[in-house]
Every structure is written in C-alpha cells, then in structure tokens.
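Structural description and commentary
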Amino acid sequence: MANITHYDPFKEVTRFGPFRDLDDMFKGFMVRPVLRDLEPEIKMDVAEDDKAYTVRAEIAGVTKEDIKVAVVGNEVSISAEVKKQNEEKEGKKVIRSERYYGKQYRSFSLANDIDEAKAEAEYHDGVLQLILPKKNGGEAKKITVK
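All figures in this text were calculated on a predicted structure; none of them were measured in a lab. (Residues numbered from 1 in each chain as written. Predicted model: local features only at pLDDT ≥ 70, side-chain atom pairs only at ≥ 80, totals over all residues. Heavy atoms only, no water.)

Focus: the overall build of the protein chain
Across its full length, the protein chain holds two helices and seven strands. Secondary structure elements of the protein chain occur, N-terminal to C-terminal, as α-α-β-β-β-β-β-β-β. Burial statistics for the protein chain: of 146 residues in total, 22% are counted as buried. Pairs at least 24 residues apart make up 56% of the contacts formed inside the protein chain by residues separated by at least 6 positions. Summed over its atoms, the accessible surface of the protein chain is roughly 13,400 Å², and 51% of this surface lies on carbon and sulfur atoms. (Helix = DSSP H or I, 4+ residues; strand = E, 2+ residues; numbered from the N terminus. Buried < 20%, exposed > 50% of the residue type's maximum accessible area, 1.4 Å probe, protein only. Contact = heavy atoms within 4.5 Å. Areas by Shrake-Rupley, 256 points an atom, 1.4 Å probe, with all protein chains shown as cover.)

Looking at the sheet that holds strand S6 (residues 120-124)
Reading across from one edge, S1-S2-S7-S6 is the order of the four strands in this open sheet, with antiparallel pairing throughout. Of all strands in the sheet, those with a lone pairing partner are strand S1 (43-48) and S6, marking the two edges. Taken pair by pair, the neighbouring strands of this sheet meet at an average axis angle of 15°, ignoring direction. With seven bridges connecting them, strand S2 (residues 52-58) and strand S7 (residues 127-133) associate as antiparallel partners. Bridge pairing in S7 links Glu58 to Val127. (Pairing = 2+ DSSP bridges. Axes fitted to C-alpha atoms, helices over the stretch in contact; angles between N-to-C directions.)

Looking at the pairing of strand S4 (residues 75-82)
Across the eight residues of S4, six count as buried, placing the element largely inside the fold. Two successive antiparallel strands, strand S3 (residues 67-72) and S4, enclose a turn made up of two residues, where Gly73 displays a positive phi of approximately 65°.

Thoughts on the packing of aromatic side chains
Counted according to the given criterion, the structure contains zero aromatic pairs. Over the face of the ring belonging to Tyr53 we find Lys134, whose NZ or CZ atom lies 5.0 Å from the ring centre. (Phe/Tyr/Trp six-rings, centres within 6.5 Å; stacked < 30°, edge-to-face > 60°. Lys NZ or Arg CZ within 6 Å of the ring centre and 35° of its normal.)

Focus on the confidence of the model for the protein chain
Put simply, the protein chain has an average pLDDT of 78, and 63% of its residues get 70 or more. Across the protein chain, the secondary-structure element scoring lowest on mean pLDDT is helix H1 (residues 11-14), at 59, and the one scoring highest is S2, at 96. (pLDDT = per-residue confidence, 0-100.)

A few points about the pattern of salt bridges
Applying the stated criterion across every chain, the model contains two salt bridges. The salt bridge partner of Lys134 is Glu48, with a shortest N-O separation of 2.6 Å. Placement of Lys134 in the segment after S7 and of Glu48 in strand S1 is noted, with a sequence separation of 86 residues between them. Here Glu48 falls in the exposed class, since its relative accessible area comes to 51%. (Salt bridge = Lys/Arg side-chain N within 4 Å of Asp/Glu carboxyl O.)

Following this line, the structure appears as structure tokens:
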C-alpha cells in the first residue's frame, strides 16, 4: 500500500524553528490512546415496501421485558436496559469485565406516518423485529398552481 503524504511547498519557509529536526525525530513517538464509545449503539436494518416498514435491531443481552418501543407519527424510538447480574461467589473476584451494563437508546424518523394500532414487535435471539404499517392517506397531495 502506498504511503501518501501532503506536500506543502511553503512549509520550510513559514515554519521557523532551530530544533525542527529534533521535532521530526520524535514525530509519532507519543501516541494518544484511542477512546472508544463505552455505550454500544443499537445496530439496525430498515426495509420498506408499499404497505409497511420492517425494522430489525440488534439488542443483545436483554429480555423482552426490558425493551421499550415508542411510535409517534413517523418517529420511532427504541430503548433497552442491560441489567448487571450480581453473581459473586466466595473466594472469587472479577479481574476484568468488558460487558456493558446500562441503557441503550436509538431514535429515527421515517418518511411516512406509522399506524400505531397495527404495529407489531417480536424479539428472538437478540434481534428485535418491528413491523410498522404505513397509515393510509399518508401520500403527498398534489396541488395545482394557479
């Protein structure tokens, strides 16, 4: 793979420093740690047909009782709470814990309003599936310009 660098013809003219060679020697020596997001994001797939939207969201490590879905107009909100289970055994201590415990939240807008009364939700194997039917009459009305 080619290592491409940006060439600046005026770099040497505008940069004055008697120790610039020393600076170049330490370039890349001090690396800042990369901070990752501690809260995992709910990953989703959204599909659409003429009658409904289908949403598949990955929410692992929760029970269906801990998932809340709200639909208002064309706004959909999904939240889930991953609860920490206290499992302490005598003589054992936790050395490292990488699992996330807390609340996850995702909200998004769709192009059409949703018929909340006919919406369905199922949760199996860490995947939440929503069937969100479109409201009738949600199509744009054409207006003739006079």
